[in-house]
Amino acid sequence: MATPQFKRREKKADLTRVGEAAIRDFRSRFRGEVFRPGDEGYDDARRIWNAMIDRRPGLIARCKGASDVIRAVNFARAHDLLVAVRAGGHNVAGNCTCDGGLVIDLSHMSSVRVDPEAGKAWVGPGATLGDFDRESQTFGLAAPLGINSTTGVAGLTLGGGFGWLSRKHGLTIDHLVGADVVTANGKWVRADEDHNPDLFWALRGGGGNFGVVTNFEFRLHRVGPRILGGLIVYPYAEAKQVLTGHRDLVDSMHEDLNVWTILRKAPPLPFLPAEVHGKDVVVLATFWGGDIDAGVREIEPFRRLGTPVGEHVGPMLYAEWQSAFDALLAPGARNYWKSHNFTSLPDELLDLSIRYAGRLPSPLCEVFTGVLGGEAGRRAPAATAYVGRDARFVMNVHARWETPREDEACVRWAREFFRASAPYATGGVYVNFMTEEEEDRVRAAYGTNYDRLVEIKRKYDPENLFRRNQNIDPS
């Protein structure tokens, strides 16, 4: 079967128009590594998390610091190159790479420095969630991040960012104190409440549209290091009663508690009977960040929604829970996502979810629904560029598979489920879950903040140098 083609409109600018002398001069002044096609290490450097994306940049500039970023931005602008910015390389749309142009690779700028007395962390753009958590948890501190330790902090933050702590403490961007940014004119600027506040507002949810962030400053909370977490797994025959029970419990759920639902085929986890492996199941992923004994009592109602086929819930390190899903999200597989925001989960939507998740086209596919609300929804939509504060539930239809011959069936399944569930959604979408062909959803992703974002884009990147993203077009 033919592989679906996802195309976007962009300027055709590549290294073939740049003279060898200019490239040699750039390499000689660059502190980090520079890779061209045919160089040793080039193929490893161009590889990203989503194996469905296979692009060949003309140049990969792996930066060591802000000076390298400035040189790379100036080089790209001077030669009118197509630019992609890579941090963690985890973006499902593959916006962190390009064909023929320049990739500004930040993956080795991965330092994390924590001041436990001030309760702050300074994080490089190449750091992963695992890097962040290992340093901050040494001091029993954390900020709300995602659910996979290999995710990049930069992309997660710029898109908004949410995870297990978000009901209690808000979004990732709600803890961003400031950022150092290289803008499209090659200038370093500080963005915070007192310096370039318009840029600071736009960075908190506006994606990579406004420049290259070379340092993030976060405010931290006391978390763990031991929390209560784990999985409760129910048979698929009980899916409706479990999902409706979960929905009803969420309305009065303590904000220290978060319980996400996952519809998928059971992986071969040691606490599940062998006869369950590979069968459709409903998984409740539970997290409690407060007193352990209190958490046991709070989680108990979720254990009585049906007859579990297995469960594994107990005290563990917060950093361990943050990496608990890494094996299911490892690099090297082909991925395609479709996502909706919801304010409620009516029975009709749950029925749809059960029907589509009951016919997964690959054993790696899943449908997960993250629970927000609480502190994540208390800020006004205009307080930051991230506008989806009304979303109490974020559903990701995660198609994942291993071989190109499965492409058509898996993409079709995700798109059909997405279309069928659209009538129940808000119309908004979490920008980090958007795939490459969803240009028509960019305005919906930013909603009432879109026009202001266009004005800020015109100020900081009027020529749209940074367009390999869910793009806010300044024109």
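This report concerns the structure included in the present document.

Calculation criteria
Residues numbered from 1 in each chain as written. Predicted model: local features only at pLDDT ≥ 70, side-chain atom pairs only at ≥ 80, totals over all residues. Heavy atoms only, no water. Axes fitted to C-alpha atoms, helices over the stretch in contact; angles between N-to-C directions. Helix = DSSP H or I, 4+ residues; strand = E, 2+ residues; numbered from the N terminus. Parallel < 35°, antiparallel > 145°, perpendicular 65-115°, else oblique. Left-handed = near helix turned anticlockwise from the far one by under 90°. Contact = heavy atoms within 4.5 Å. Nonpolar A, V, L, I, M, F, W, Y, C, P; charged D, E, K, R; others polar. Pairing = 2+ DSSP bridges. Salt bridge = Lys/Arg side-chain N within 4 Å of Asp/Glu carboxyl O. Buried < 20%, exposed > 50% of the residue type's maximum accessible area, 1.4 Å probe, protein only. Core = buried A, V, L, I, M, F, W, Y, C linked by side-chain atoms within 4.5 Å. Phe/Tyr/Trp six-rings, centres within 6.5 Å; stacked < 30°, edge-to-face > 60°. Lys NZ or Arg CZ within 6 Å of the ring centre and 35° of its normal. Expected span 1.5 Å × (residues − 1). Arc of directions from axis to C-beta. Polar contact = N/O pair within 3.5 Å; in protein donor to acceptor, adjacent residues only side chain to side chain.

The next thing to look at is the packing of helix 1 (residues 20–29) against helix 3 (residues 66–78). At a minimum axis separation of 10 Å, helix 1 and helix 3 run at an interaxial angle of 170 degrees. By the angle between their directions, the pair helix 1 and helix 3 is classed as roughly antiparallel. Two packed elements cross with a definite hand, and for helix 1 against helix 3 that hand is right-handed. Two secondary-structure elements touch here, helix 1 through A22, I23, F26 and R29 and helix 3 through R71, A72 and F75. Of the residues contributing to the contact of helix 1 with helix 3, the split by class is five nonpolar, no polar and two charged.

Next up on the list: the sheet that holds strand 8 (residues 176–182). With antiparallel pairing, the five strands of this open sheet are ordered in space as 5-6-10-8-9. What marks the edges here is a single partner per strand, and that holds for strand 5 (112–115) and strand 9 (188–192). Neighbour to neighbour, the strand axes of the sheet diverge by 15 degrees on average, direction disregarded. In this fold helix 3 packs onto strand 8, strand 9 and strand 10 (212–219), with an angle of close to 140 degrees to the strand it touches most, strand 10. In the packing of helix 4 (residues 129–137) onto the sheet, contacts are made with strand 5, strand 6 (120–123) and strand 10, and the angle to strand 5 comes to roughly 30 degrees.

Taken as a whole, this structure holds 41 salt bridges when the rule is applied. Between R204 and E193 there is a salt bridge, with its nearest N and O atoms 3.9 Å apart. Of the two residues, R204 is situated in the loop between helix 7 (197–203) and strand 10 and E193 in the loop between strand 9 and helix 7; the sequence distance between them amounts to 11 residues. Residue class for R204 comes out buried when judged on its relative accessible area of 6%. Its relative accessible area of 53% is what places E193 among the exposed residues.

Our focus in this paragraph is the nonpolar core. Ranked by internal contacts, the top residues of the largest apolar core, which has 123 residues, are V123, F132, L203, W321 and W413. Ranked by residue count, the leading element in this core is strand 14 (residues 280–288), at seven residues. F132 has contacts with V112, A121, V123, A143, L145, V153, F218 and L220, leaving out every residue within four places of it along the chain. Among the nonpolar cores identified, the runner-up in size contains 25 residues, and V18, F26, F30 and V73 belong to it.

Tallied over the full model, the rule gives 21 aromatic pairs. A ring pair is formed by W337 and F433, whose centres lie 5.3 Å apart and whose planes are at 85 degrees; its orientation type is edge-to-face. Taken together, the residues W337 in strand 16 (residues 334–342) and F433 in the loop between helix 12 (407–421) and helix 13 (442–446) connect sequence positions 96 residues apart. Across the pair, exposure class does not vary: W337 and F433 are buried alike. Here R204 stacks its cationic end above the ring of F200, 3.9 Å away from the centre of that ring. Over the aromatic face of W201 sits the side chain of R452, whose NZ or CZ is 3.8 Å from the ring centroid.

Let us look at the side chain of T286. With respect to the helices and strands, T286 occurs in strand 14. With residues near it in sequence (within four places) discarded, T286 still touches L228, G229, G230, I232, N258, V259, I299, V313 and W321.

Here we come to the sheet that holds strand 1 (residues 33–35). Sheet architecture is open: four strands sit in the order 1-2-4-3, paired in mixed fashion. The open sheet is flanked by strand 1 and strand 3 (83–86), the only strands paired with a single partner. Here the average twist between neighbouring strands, direction ignored, is 15 degrees. When strand 1 meets strand 2 (residues 59–62), the two strands line up antiparallel, connected through three bridges. When the sheet's bridge partners are listed, F35 is paired in strand 2 with I60. Most of the contacts of helix 3 go to strand 4 (residues 102–105), to which it runs at about 165 degrees, and overall it touches strand 2, strand 3 and strand 4.

A separate point is helix 3. End to end, helix 3 covers 18 Å across 13 residues, agreeing with the expected 18 Å (1.5 Å per residue, within 8%). D68, V69, A72, V73, F75 and A76 are the residues of helix 3 that are buried. End-on view of helix 3: buried residues confined to an arc of 160 degrees, all on one side of the axis. In this fold, the buried residues of helix 3 make contact with helix 1, strand 2, strand 3, strand 4, strand 8 and strand 10. Of the residues flanking the end of helix 3, it is D80, one or two places downstream, whose phi is positive at about 55 degrees.

It is worth spelling out the packing of helix 11 (residues 347–357) against helix 12 at this point. Relative to each other, helix 11 and helix 12 sit at 170 degrees, their axes nearing to 10 Å. When the axis of helix 11 is compared with that of helix 12, the two are roughly antiparallel. Of helix 12, the residues touching helix 11 (which contributes L349, L352, S353 and Y356) are W413, E416, F417, A420 and S421. For the contact of helix 11 with helix 12, the per-class residue count stands at six nonpolar, two polar and one charged.

Our next topic: the pairing of strand 13 (residues 257–265). Among the nine residues of strand 13, eight are classified as buried, and the element is accordingly described as predominantly covered. Pairing between strand 13 and strand 14: nine bridges, direction antiparallel. When the sheet's bridge partners are listed, L257 is paired in strand 14 with W288. Note that strand 13 and strand 17 (residues 366–371) share four bridges and pair antiparallel. From the neighbouring strand, T261 faces strand 17, where its bridge partner is T369.

The subject of this paragraph is the side chain of R55. Among the secondary structure elements, R55 is positioned in the loop between helix 2 (42–46) and strand 2. The class for R55 is buried, based on a relative accessible area of 13%. A polar side-chain atom of R55 sits 3.1 Å from the main-chain carbonyl oxygen of G94. In this structure the side chain of R55 is engaged in a polar contact, spanning 2.9 Å, whose partner is the side chain of E436. Ignoring sequence-local partners within four residues, the contact set of R55 consists of R46, A93, G94, T97, C98, D99, E436 and R468.

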